Amino acid sequence: MWCLFANAEEYQPPIWKSYLYQLQQEAPRPKRIICPGEVENRPKYYGREFHGIISREQADELLGGVEGAYILRESQRQPGCYTLALRFGNQTLNYRLFYDGKHFVGEKRFESIHDLVTDGLITLYIETKASEYISKMTTNPIYEHIGYATLLREKVSRRLSRSKNESRKTSVTNEEHTAVEKISSLVRRAALTHNDNHFNYEKTHNFKVHTFRGPHWCEYCANFMWGLIAQGVRCSDCGLNVHKQCSKHVPNDCQPDLKRIKKVYCCDLTTLVKAHNTQRPMVVDICIREIEARGLKSEGLYRVSGFTEHIEDVKMAFDRDGEKADISANIYPDINIITGALKLYFRDLPIPVITYDTYPKFIEAAKISNADERLEAIHDVLMLLPPAHYETLRYLMIHLKKVTMNEKDNFMNAENLGIVFGPTLMRSPEDSTLTTLHDMRYQKLIVQILIENEDVLF
């Protein structure tokens, strides 16, 4: 699974640990015990391994002490409930069996009973033979000893630095693209960690259960990922592949890969800025630059809405073209379309700029009656924001302060902007209409204070 560069001396692959792979190869194979006669009322999703209503003792006798042998039966005590009887470790194991379009006894769901039993035998065998080994898998991870990537770092860092501008635009030269493709997510992480990225915000990995086709090894502990399906988890942002238990030990050092980020809107803020190697989401920079160039004196700026279909066009342009999106006056003469697109970006964030974690603290700070104490409390909560969120909020407040400095033309002061941006930048973690209505005046007040005191608070 590791590819080499043209000069093999530049790259030494790690030593993948094969013990668990060998155990999987040794695991008993499923042996289906077929019922000799046709069983009345056999569920259509079960085959000839279904033996109808029989007792545990009868099932044990049918399995005949053969490792890996299995049958299906209907429970005597609970008709309509089905059981998998499986022979393993010189005993018959009985599992309650379920079907919802796929077969399962636990979290994993299988297309066939045969696959379910195969995976179960592998798991039982490995956990029986290597339980102590598995419990110690994470104690000496290769993830923390990536010396084999040292020689790569300088070379890859130079390439990534040289192509940084192109990377932001989701395009690199074929040669660079090929080189980066040859690096696993683990080595890529090592290289990116040491490049000239000045915006190296901490980011947790976005792990999701994954089924690996063919043998795969964990990029944290270097051990084989056993089983037929759902053998581990993969970070959908950077592609790191690890055991589920290893994912709890992986540091918060995800380096999102641009090719995995399919859109700009609705993408996690930190994920987007790390993928594009920018301080803030580029959509924020581009929109604000356009607004300040030709819209600061526009009456009702941010309060007046642009045409919804045109705002959606801008959204699609950013999702499709990234930094190449053209939002100039030639394409969108109405500046309210651009302000609408910027507000929509903030509304579409899965985690608001003012995060769910900090939301209640901001609301509590807004309720403080003493102005100086309130300002101090808001400052303290600002320090709790993730760095990318803090920087985005800081940059937006500087911009909105400029908007208020043109109030005589645009008629937008800090209070008016607070009404617009309060619910745009912060949302209650409670999905309650009553809570939202109750908090609206505090949301407005928070944004108003942030604008009026941006030079002090940030």
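As shown above, the structure is provided for reference.
Residues numbered from 1 in each chain as written. Predicted model: local features only at pLDDT ≥ 70, side-chain atom pairs only at ≥ 80, totals over all residues. Heavy atoms only, no water.

1. A word on the overall build of the protein chain
Item 1. Helix and strand content of the protein chain: 19 helices and nine strands.
Item 2. Residue pairs at least 24 apart in sequence account for 65% of intrachain contacts in the protein chain once pairs closer than 6 positions are excluded.
Item 3. In the structure as shown, the protein chain presents an accessible area of about 22,600 Å², 50% of it carried by carbon and sulfur atoms. (Helix = DSSP H or I, 4+ residues; strand = E, 2+ residues; numbered from the N terminus. Contact = heavy atoms within 4.5 Å. Areas by Shrake-Rupley, 256 points an atom, 1.4 Å probe, with all protein chains shown as cover.)

2. Examining the pattern of salt bridges
Item 1. In total, this model carries 20 salt bridges according to the counting rule given.
Item 2. One salt bridge in this structure joins K203 and D237, with 2.8 Å as the shortest N-O distance. Residue K203 is found in the loop between helix 8 (185-193) and strand 7 (207-210), and its partner D237 is found in the loop between strand 8 (232-235) and strand 9 (241-242); the two are separated by 34 residues along the sequence.
Item 3. Among the residues examined, K203 registers a relative accessible area of 6% and is labelled buried.
Item 4. Overall, the relative accessible area of 8% leaves D237 in the buried class.
Item 5. Residue R280 pairs with D285 through a salt bridge whose shortest N-O separation is 2.7 Å.
Item 6. On the basis of relative accessible area, D285 is assigned to the buried category, the value being 18%.
Item 7. Shared partners join several salt bridges into a network, and the residues in it are R280, D285, E391 and R394. (Salt bridge = Lys/Arg side-chain N within 4 Å of Asp/Glu carboxyl O. Buried < 20%, exposed > 50% of the residue type's maximum accessible area, 1.4 Å probe, protein only.)

3. A word on the packing of helix 10 (residues 282-294) against helix 15 (residues 387-404)
Item 1. At a closest axis distance of 11 Å, the pairing of helix 10 and helix 15 adopts a crossing angle of 10 degrees. By the criterion of interaxial angle, the relationship of helix 10 to helix 15 is roughly parallel. From helix 10, V284, D285, I288, I291 and E292 reach across to helix 15, where they touch T392, Y395, L396, H399 and K402.
Item 2. Partitioning the contact of helix 10 with helix 15 into residue classes produces five nonpolar, two polar and three charged. (Axes fitted to C-alpha atoms, helices over the stretch in contact; angles between N-to-C directions. Parallel < 35°, antiparallel > 145°, perpendicular 65-115°, else oblique. Nonpolar A, V, L, I, M, F, W, Y, C, P; charged D, E, K, R; others polar.)

4. Description of the side chain of D253
Item 1. As for its position among the elements, D253 is in the loop between strand 9 and helix 9 (269-276).
Item 2. A polar atom in the side chain of D253 sits 2.7 Å from the side chain of Y143. (Polar contact = N/O pair within 3.5 Å; in protein donor to acceptor, adjacent residues only side chain to side chain.)

5. Here's the deal with the sheet that holds strand 7
Item 1. Across the sheet, three strands lie side by side as 7-8-9; this open sheet has antiparallel pairing. Strands with a single pairing partner mark the edges of an open sheet, and in this sheet they are strand 7 and strand 9.
Item 2. Here strand 7 pairs with strand 8 via four bridges, running antiparallel. Pairing of H210 across the sheet is with G232, part of strand 8. (Pairing = 2+ DSSP bridges.)

6. Regarding the side chain of S55
Item 1. Position of S55 among the secondary structure elements: in the loop between strand 2 (50-53) and helix 2 (56-63).
Item 2. For S55, a relative accessible area of 10% corresponds to the buried category.
Item 3. When sequence neighbours within four positions are dropped, the list of residues in contact with S55 reads R73 and Q76.

7. As for helix 3 (residues 113-129)
Item 1. Between its first and last C-alpha, helix 3 extends 24 Å over 17 residues, near the 24 Å set by a 1.5 Å rise per residue.
Item 2. Looking only at helix 3, the buried set comprises I113, L116, V117, T118, D119, L121, I122, T123, Y125 and I126.
Item 3. Looking at the buried residues of helix 3, the elements they touch are helix 1 (19-26), strand 3 (69-74), strand 4 (82-88), strand 5 (91-99), strand 6 (103-104) and helix 4 (131-135). (Expected span 1.5 Å × (residues − 1).)

The quantities given are spatial measurements derived from coordinates; they are silent on function.
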